[in-house]
Amino acid sequence: QVQLVESGGGLVQAGGSLRLSCTVSGRFFSINAMGWYRQAPGKQRELVAAITSGGITNYADSVKGRFTISRDNVKKAVYLQMNSLKPEDTAVYYCNVGYTGAGNFVRGDSWGQGTQVTVSS
């Protein structure tokens, strides 16, 4: 099993910054793509940013130029630096990690518990 622990959410004023972290633990052969999703009240969960094992990144149009995703393969962690935050960025942010299982080499993915980000106007 693969477990994810998120941290870094909170309350910030518009224009401020937050950095989310997600650390991976458990038993696996490798970590593949890693990403951050968010879900605002009454809305569907949406992809915010993703990064492949090779470091290729992808962002939602709404966060391009403001958010930066990065990963540390040694620490088994993924980060989301969020700058110039807007009230519409308010949501619960979830970490998602793809992995290849140890022993059986079956691919799967795991979700974090979510961390609340609230941006006040």
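Preceding this section is the structure that the text describes.
Our subject in this report is the structure included herewith. (Residues numbered from 1 in each chain as written. Predicted model: local features only at pLDDT ≥ 70, side-chain atom pairs only at ≥ 80, totals over all residues. Heavy atoms only, no water.)

**Structural notes on the environment of Tyr 79**
- Within the secondary structure, Tyr 79 sits in strand β8 (residues 77-82).
- Classification of Tyr 79 by relative accessible area gives buried; the value is 12%.
- Measuring from C-alpha to C-alpha, the distance between Tyr 79 and Gly 10 comes to 15 Å, with 69 residues separating the pair along the chain.
- Not counting chain neighbours up to four residues away, the residues in contact with Tyr 79 comprise Arg 19, Leu 20, Ser 21, Trp 36, Thr 68, Ile 69, Ser 70 and Asp 72. (Helix = DSSP H or I, 4+ residues; strand = E, 2+ residues; numbered from the N terminus. Buried < 20%, exposed > 50% of the residue type's maximum accessible area, 1.4 Å probe, protein only. Contact = heavy atoms within 4.5 Å.)

**So, the environment of Gly 35**
- On the secondary structure map, Gly 35 appears in strand β4 (residues 30-39).
- In the structure, Gly 35 is positioned 75 residues away from Ser 110 in sequence and 11 Å away in space, judged by C-alpha atoms.
- Ignoring any residue separated from it by four or fewer positions in sequence, one finds Gly 35 in contact with Ala 49, Ala 50, Ile 69, Tyr 94, Cys 95 and Asn 96.

**Looking at unusual backbone geometry**
- We note that Ser 84 has phi near 50°; this positive angle belongs to a residue other than glycine.
- Looking at the secondary structure, you find Ser 84 in the loop between β8 and β9 (91-100).
- Within the chain, Phe 105 stands out as a residue other than glycine whose phi angle is a positive 55°.
- Looking at where Phe 105 falls in the secondary structure, it is placed in the loop between β9 and β10 (107-111).
- For Phe 105, a relative accessible area of 49% gives the class partly exposed.

Coordinates in, geometry out; function isn't part of it.
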